[in-house]
Amino acid sequence: MLYMNAQHLFDEGYNDEDVLILNQYPPTPSKPSSVDLLSGFGSVQECEELAYQILASLPRARLATIQRRLAPLLQFDVVGSLPAEVSLQIFSYLPFPALLTSALVCRRWHVLSNDQSLWKDLCDVRGWSWRQPSYKFPPAFTHSGLGASQDAWNNSDDEGMGDSDEEAEEEEVADTLMMSELDAAKAELTIMHAELDSGFASMSFAGVSQLIASSSSNIPPRASVYPSGNNSNSSSTKRVNNARPRAGTRHSAPSLLGSLGSLSSSPKPNYKLLHQTRIKLQKRILTSSYRLSALQTRGAPTNSHTNTIYCLQLYTYPSSGVQVLFTGSRDKTVREWNLSTGLVERVISGIHLSSVLSICVHNGVLASAGSDRKIVVWDLEKNKVVKVISDHEDSVLCVRFDDKRLVSCSKDRTVRTYLFPDLAPQFVLGAHRAAVNAVSISDTLIVSGSGDRSIRLWDANTGNLLRTFENHHSRGIASIDFKPPYVLSGSSDKHLRLFDIATLHGWSTSPEFDNISGLVGQGHDLGSSQLGHLSSSFVPDFQSQPMPNAGNNELLTTGFNIAPTFAFGLEGQAVLCQACGNSGLVALGGGVSGRQGTNNVHKNVLHRDLVRTVAFGDEFVLSGSYDLSIKVWDRRTGALVADLSGGHTGRIFCIGFDGTKVVSCGEDQRICIWDFADGIDTSFIEL
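About the cut-offs
Residues numbered from 1 in each chain as written. Predicted model: local features only at pLDDT ≥ 70, side-chain atom pairs only at ≥ 80, totals over all residues. Heavy atoms only, no water. Pairing = 2+ DSSP bridges. Helix = DSSP H or I, 4+ residues; strand = E, 2+ residues; numbered from the N terminus. Axes fitted to C-alpha atoms, helices over the stretch in contact; angles between N-to-C directions. Salt bridge = Lys/Arg side-chain N within 4 Å of Asp/Glu carboxyl O. Buried < 20%, exposed > 50% of the residue type's maximum accessible area, 1.4 Å probe, protein only. Lys, Arg positive; Asp, Glu negative; His and termini not counted. Phe/Tyr/Trp six-rings, centres within 6.5 Å; stacked < 30°, edge-to-face > 60°. Lys NZ or Arg CZ within 6 Å of the ring centre and 35° of its normal. pLDDT = per-residue confidence, 0-100. Contact = heavy atoms within 4.5 Å. Parallel < 35°, antiparallel > 145°, perpendicular 65-115°, else oblique. Left-handed = near helix turned anticlockwise from the far one by under 90°. Disulfide = S-S within 2.5 Å. Expected span 1.5 Å × (residues − 1). Polar contact = N/O pair within 3.5 Å; in protein donor to acceptor, adjacent residues only side chain to side chain.

It is worth spelling out the sheet that holds strand E2 (residues 291–296) at this point. The antiparallel open sheet is built from four strands, whose spatial order is E2-E34-E33-E32. Strands with a single pairing partner mark the edges of an open sheet, and in this sheet they are E2 and strand E32 (652–657). The average undirected angle you get between the axes of adjacent strands in this sheet is 20°.

Given below as structure tokens:
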């Protein structure tokens with residue numbers, strides 16, 4: 001160690017005492033920096049080699065300590081260090097489960113993963129939009145007019161469907177199915193005690209006193225779909241008087257009135273909440289988690305339908321955002337139901353002279369069709385009739401319309417079209433050989449289904465027949481729904497089929513028609529001009545995709561050569577559906593393994609009677625049957641997802657589905673609501 005030179009210190013102004021002190025306590029030399037240590041090495045490779053040799057000479061226990069000290073130096077958030085726009089672009093390629101996981105990595109990733117632009121894009125892909133909650137209610141009123149009923153129609157009952165071309169065969173079902181009061185009471189008691197086995201308690205009818213309120217009270221959700229009381233002494237020619245809700249009646253949401261004062265400012269769209277709520281609803285459907293209630297039973301509420309209910313439609317008023325239910329009945333009336341109170345708000349009577357077989361509601365206009373051969377178009381806002389059409393020569397079985405045209409079909413074997421705004425007659429389409437039971441429209445295309453077992457595709461602008469799908473079912477077509485480019489059909493042969501009108505790819509519940517050769521296409525070829533506007537984004541393409549939990553060589557082909565996938569296992573045992581991943585299915589027997597369905601399994605899981613009504617959803621399709629059941633199917637694969645039974649004691653005539661609930665009506669005068677959103681705030685979901 002070197003000591004300070006005394007002469008040098010004197011030159012700097014130090015005295016003798018300072019020199020003695022400094023020599024007694026010499027300064028501690030400073031630590032050499034890493035740069036000083038490595039300055040003697042010529043390259044980074046030499047430094048690495050030296051570091052390795054030093055580490056190799058240390059005991060293994062010391063290496064573990066050094067490794068822990070080095071770990072923070074090796075961590076570098078490349079994505080987080082980028083500009084926010086670039087980071088969000090990277091995160092936009094992640095599916096939603098990966099986004100949820102990424103939010104747990106660090107604070108920076110948490111902020112990026114919760115960015116609303118990412119979740120908005122995910123919602124846009126699925127067609128999910130945010131709706132600002134609104135709490136205006138439409139006026140409640142009743143109408144009666146346009147003449148009294150005529151006795152000539154009193155005994156007619158078409159049940160909304162015409163005869164097939166197999167008139168020599170025995171009728172599929174009896175004309176009426178009336179239950180005695182004792183049988184109805186027993187059936188309802190059985191339903192009340194039939195709890196579905198799932199992770200979420202699926203309750204019976206809301207009229208049961210054990211049903212209690214269960215909901216969040218700090219957010220004003222969508223109004224409850226459960227009835228909360230009866231209207232007393234209401235007249236069909238006056239404003240309906242809604243009674244005070246009964247004590248003990250359950251609601252899936254608190255009253256909206258107490259929250260109106262806090263609605264001065266609308267909440268900002270929360271697309272992550274929207275996406276997670278939608279996914280939660282899908283999981284509830286997959287696990288059959290719902291709450292079952294009856295909006296109407298036989299004779300209740302007081303102002304309800306007095307006979308069989310043939311048709312229904314859920315409708316949301318554009319101006320207020322309030323969702324209501326319209327129903328048509330054999331009692332010759334159309335009724336509007338307030339889903340918040342469970343009461344009738346409007347009765348349209350005295351217009352139809354017989355059963356109301358079909359209704360369609362769109363953009364403030366209601367059209368109804370009946371067995372009196374009439375189509376009545378009604379302005380809901382002005383509460384008056386726009387036009388009465390009486391062109392058909394027999395019962396009008398179905399009516400549909402959009403912004404451009406109205407389409408109807410009849411037992412007279414014709415399809416008729418009318419153009420808005422004056423509803424002038426346009427075309428009479430008469431190629432069917434039997435009653436046309438169902439019709440559906442979309443932009444420039446019309447699809448019709450008939451008792452002659454054919455489905456026909458028409459050009460709405462020219463009236464030309466574009467294609468005929470013969471032998472589509474083994475018996476007459478009873479119901480159809482059309483979401484381009486896909487058609488869903490139900491038949492008297494107890495089966496469903498979904499197919500692409502351009503490629504014929506799809507699935508069927510009938511093993512007899514699984515082969516694509518079972519479909520014969522006739523008529524004009526569908527060129528690119530007709531199909532150019534069809535959106536293939538409505539559902540995923542029907543292409544070969546890897547089967548879950550399957551080997552690399554096993555593919556699930558969703559053409560007609562593959563039947564829907566069902567759950568197999570020991571009878572009554574919970575199993576995992578290999579097609580949709582649903583763990584809420586119960587095995588119906590037929591073996592422990594294998595994908596190929598046996599006849600026994602098909603008999604157990606498929607409908608056992610005529611499929612009267614079908615409906616499209618975003619991820620699922622639904623069917624209602626005369627066998628008293630409603631079934632939910634995976635739209636892509638045709639796998640059975642849920643079996644909704646126990647709600648009706650008579651044949652089911654019509655179902656509606658809005659993604660949160662299923663509404664059904666039938667011969668037993670019941671209106672059943674299968675609510676998958678019980679306890680969930682859905683006020684921001686566009687229905």
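What follows concerns the pattern of salt bridges. Taken as a whole and assessed by the stated rule, the structure comprises 13 salt bridges. Here Asp-678 makes a salt bridge to Arg-291, at a shortest N to O gap of 2.8 Å. Of this pair, Asp-678 sits in the segment after strand E34 (671–675) while Arg-291 sits in strand E2, placing them 387 residues apart in sequence. Judged by relative accessible area, which is 9%, Arg-291 ranks as buried. Note that Arg-433 is salt-bridged to Glu-470, the shortest N-O span being 3.4 Å. Here Arg-433 is found in the loop between strand E14 (424–429) and strand E15 (436–442), whereas its partner Glu-470 is found in strand E18 (residues 465–470), with 37 residues between them in sequence. Counted as one network, the salt bridges with shared partners bring together Arg-433, Asp-452, Arg-456 and Glu-470.

With that settled, consider the side chain of Lys-272. Its location among the elements puts Lys-272 in helix H12 (residues 271–286). In this structure Lys-272 is buried but unpaired, with Asp-115 as the nearest side chain of opposite charge at 12 Å.

Two numbers describe a pair of aromatic rings. These are the distance of the centres and the angle of the planes. According to the stated counting rule, one finds 11 aromatic pairs in the structure shown. A cation over a ring is seen here: Lys-120 above Tyr-271, with NZ or CZ 5.7 Å from the ring centre.

Of all seven residues making up strand E4 (residues 323–329), seven are buried, and the element is well covered by its neighbours. Residues of E4 alternate between two faces, with Gln-323, Leu-325, Thr-327 and Ser-329 on one and Val-324, Phe-326 and Gly-328 on the opposite face, all of them buried. The pairing of strand E3 (residues 309–316) with E4 spans seven bridges and is antiparallel. Looking at E4, one finds that Leu-314 is bridged to Leu-325. The loop that links E3 with its antiparallel partner E4 comprises six residues; one of these, Gly-321, has a positive phi angle of about 75°. Here E4 runs beside strand E5 (residues 334–338); their pairing, made up of five bridges, is antiparallel. When the sheet's bridge partners are listed, Phe-326 is paired in E5 with Glu-336. Between E4 and the antiparallel strand that follows it, E5, lie four residues; Lys-332 among them carries a positive phi value of about 75°.

Another point: the sheet that holds strand E12 (residues 405–410). Hydrogen bonding along the main chain pairs the strands of a sheet, whether they run parallel or antiparallel. The antiparallel open sheet is built from four strands, whose spatial order is E11-E12-E13-E14. A single partner strand is all that each edge strand has here, and the edge strands are strand E11 (396–401) and E14. For this sheet, the mean inter-axis angle between neighbouring strands, taken without regard to orientation, is 20°. Here strand E13 (residues 415–419) pairs with E14 via five bridges, running antiparallel. Each bridged residue has a counterpart across the sheet, and for Tyr-418 the counterpart in E14 is Pro-425.

This next bit is on the confidence of the model for the protein. Per-residue confidence for the protein averages 74 on the pLDDT scale, and 61% of its residues sit at or above 70. The low-confidence segment residues 136–155 (pLDDT under 50) makes 54 contacts with residues lying over four places distant or belonging to another chain. Taken as a whole, residues 167–182 scores under 50 in pLDDT and shows 28 contacts with residues more than four places along the chain or in a different chain.

So, about the packing of helix H10 (residues 116–126) against H12. Two numbers describe how H10 lies on H12: the axes approach to 7 Å, and their chain directions differ by 40°. In terms of axis orientation, H10 runs oblique to H12. Here H10 runs over H12; the crossing is left-handed. Here Gln-116, Trp-119, Lys-120, Leu-122, Cys-123 and Arg-126 of H10 lie close against H12, whose contacting residues are Tyr-271, Lys-272, Leu-274, His-275, Ile-279 and Gln-282.

Before going further, it helps to spend a moment on the state of the cysteines. Linking two cysteines covalently via their sulfur atoms produces the bond known as a disulfide. Summed over all chains, the structure comprises zero disulfides. We note that Cys-360 lacks a disulfide partner, and the nearest cysteine sulfur, in Cys-398, lies 8.2 Å from it. Here Cys-409 is not disulfide-linked; the sulfur of Cys-398 is the nearest cysteine sulfur, at 4.7 Å.

This brings us to H12. Every α-helix carries 3.6 residues per turn, so stepping three or four residues along brings you back to the same face. Taking 1.5 Å per residue as the helical rise, H12 with its 16 residues ought to reach 22 Å, and the 23 Å between its terminal C-alpha atoms agrees with that figure. Counted residue by residue, H12 has 12 buried out of 16 residues, so it is predominantly covered. Three or more residues of H12 are buried, namely Tyr-271, Lys-272, Leu-274, His-275, Thr-277, Arg-278, Ile-279, Leu-281, Gln-282, Arg-284, Ile-285 and Leu-286. Where H12 is buried, its residues meet helix H8 (96–102), H10, strand E29 (620–625), strand E30 (630–634), strand E31 (640–644) and E32. Where H12 begins, the side chain of Asn-270 points an oxygen toward the backbone nitrogen of Lys-272, at a separation of 3.3 Å.

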